[in-house]
Amino acid sequence: MNHAAAELSGSHCRIVSVGSGKAAERVVAHQECTLDERAPRRLREFRDDNGISSHLRVVLWPGPEEAGVTAITAKPGAPLSPPSTLAVRERVGSLLRAGFLITNVSLPHQILAELALQQGATLALAAAFHGDGGCISLARDGRAGPRPAYLRWDAQWCRATAGSGDALARYQFAAAFAPHLRQVLENVSQDDLRILACGSMANLRTAMAPFSEEFGREVQVLDHAWPGMLDAEAGTIPTDPAVWQLARAAAQSSALGLHR
């Protein structure tokens with residue numbers, strides 16, 4: 001059976017399935033949907049059509065107003081608390097009704113650490129940037145650092161700064177990010193630090209240019225094709241791999257028996 005993991009952000013779900021054992025790097029199938037009344041049927045069909053195990057790992061984004069999610073223009077705040085059991089059950093209801101058995105619930109910063117190790121980075125600053133918020137964390141040997149930053153921002157402001165064609169505007173986004181970066185990297189030697197970025201932010205590669213200049217090294221945007229992607233996408237509109245990296249990384253760890 002193939003293995004899968006789902007990334008949940010609000011009512012939006014991205015789910016990725018990978019192979020087993022040595023085929024764990026190969027993406028078998030991927031799908032996204034809104035977790036509404038139609039989702040259980042769609043997800044059940046997706047599971048059945050692709051030979052996916054009922055055991056599912058979940059990557060759960062906190063809501064923008066939850067304690068520990070800080071406005072990008074505010075000072076670094078308190079750390080994020082793990083979600084309660086009740087909150088998790090409410091968020092995964094559609095997945096349970098689709099016949100999945102939730103075996104592990106992780107927060108994005110934990111998956112960013114696993115993703116960094118899968119990319120061969122033993123020490124990395126790993127980030128997921130989306131249109132209305134993101135997460136940035138230190139990753140060391142596959143484990144997340146003590147103070148990840150969960151941030152929220154206005155989607156229109158993000159498009160006008162980070163996602164724009166104006167270099168000065170992009171620096172405004174990077175400048176707002178700077179205090180949160182300092183918190184994440186406090187007392188960390190940057191000599192061997194790799195910087196990895198993924199997510200659904202528009203023009204992600206262009207938006208990372210100010211960060212590359214600040215650190216004096218390339219930000220590695222994970223938008224390259226994954227094993228199995230070219231076969232899966234043949235004859236269709238190409239998928240942006242950067243959008244799917246968290247769910248893919250979680251599924252790969254599960255397939256390798258590292259997390260269940």
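Being a predicted model, the structure only gives us computed values, none of them experimental.

Asks: Please explain the pattern of salt bridges as it appears in this structure.
Replies: It is possible for side chains bearing opposite charge to pair when their charged atoms get close. In the structure shown here, the tally under the stated rule is 8 salt bridges. Where Arg14 meets Glu32, a salt bridge forms, and the shortest distance between an N and an O atom there is 3.6 Å. Residue Arg14 is located in strand β2 (residues 12-18), and its partner Glu32 is located in strand β3 (residues 27-34); the two are separated by 18 residues in the primary sequence. Residue classification places Arg14 among the buried positions, given a relative accessible area of 11%. Relative accessible area serves as the criterion here: at 36%, Glu32 is assigned to the partly exposed category. The salt bridge partner of Asp36 is Arg38, with a shortest N-O separation of 3.1 Å.

Asks: Help me understand the confidence of the model for the protein chain, please; the structure alone is not making it clear to me.
Replies: Low pLDDT marks regions whose predicted coordinates should not be analysed in detail. The pLDDT averaged across the protein chain works out to 91; a share of 96% of its residues lies at or above 70. Per-residue pLDDT, averaged within each element of the protein chain, yields its smallest value for helix α9 (residues 229-232) (66) and its largest for helix α4 (residues 108-118) (97).

Asks: How should I be thinking about helix α6 (residues 167-184) in this particular structure?
Replies: Three- or four-residue spacings in an α-helix give side chains the same orientation, since the helix completes a turn every 3.6 residues. For α6, with 18 residues, the first-to-last C-alpha span of 25 Å sits near the 26 Å given by 1.5 Å per residue. Along α6, the sharpest change in direction is near 40° and occurs at Ala178; proline Pro179 comes one to four residues later. Among all positions in α6, only Ala169, Arg170, Phe173, Ala174, Ala176, Phe177, His180, Leu181, Gln183 and Val184 are buried. Its side-chain oxygen 2.8 Å from the backbone nitrogen of Leu168, Asp166 forms the N-cap of α6.

Asks: Just to check I follow, could you spell out the sheet that holds β2 for this structure?
Replies: Neighbouring strands of a sheet are bound in pairs by backbone hydrogen bonds; such pairs are parallel or else antiparallel. If you trace the 5 strands from one edge of the open sheet to the other, you get β3-β2-β1-β4-β6, paired in mixed fashion. The open sheet has two edge strands with one neighbour each: β3 and β6 (101-106). Looking at each pair of strands side by side, their axes are set apart by 20° on average, direction ignored. Bridge analysis of strand β4 (residues 52-60) against β6 gives 5 bridges, and the strand direction is parallel. Within β6, the residue paired with Arg57 across the bridge is Asn104.

Asks: Can you help me understand the environment of Ser254 in this one?
Replies: Relative to the helices and strands, Ser254 is located in helix α10 (residues 245-255). Sequence separation between Ser254 and Asn104 is 150 residues; the distance between their C-alpha atoms is 9.2 Å.

Asks: I would appreciate a short explanation of the packing of α4 against α10 in the present structure.
Replies: How two helices pack is summed up by the angle between their axes together with the distance between the axes. In contact at an axis separation of 9 Å, α4 and α10 are set at 75° when each is read in the N-to-C sense. Considered as vectors, α4 and α10 are oriented roughly perpendicular to each other. For the pair α4 and α10, contact is made by Pro108, Ile111, Leu112, Glu114, Leu115 and Gln118 and by Gln245, Leu246, Arg248, Ala249, Ala250, Gln252 and Ser253, respectively. Class assignment of the residues belonging to the contact of α4 with α10 gives a composition of 7 nonpolar, 4 polar and 2 charged.

How each quantity is defined
Residues numbered from 1 in each chain as written. Predicted model: local features only at pLDDT ≥ 70, side-chain atom pairs only at ≥ 80, totals over all residues. Heavy atoms only, no water. Salt bridge = Lys/Arg side-chain N within 4 Å of Asp/Glu carboxyl O. Helix = DSSP H or I, 4+ residues; strand = E, 2+ residues; numbered from the N terminus. Buried < 20%, exposed > 50% of the residue type's maximum accessible area, 1.4 Å probe, protein only. pLDDT = per-residue confidence, 0-100. Expected span 1.5 Å × (residues − 1). Bend = angle between axes of the 7 residues up to and from the residue. Polar contact = N/O pair within 3.5 Å; in protein donor to acceptor, adjacent residues only side chain to side chain. Pairing = 2+ DSSP bridges. Axes fitted to C-alpha atoms, helices over the stretch in contact; angles between N-to-C directions. Parallel < 35°, antiparallel > 145°, perpendicular 65-115°, else oblique. Contact = heavy atoms within 4.5 Å. Nonpolar A, V, L, I, M, F, W, Y, C, P; charged D, E, K, R; others polar.

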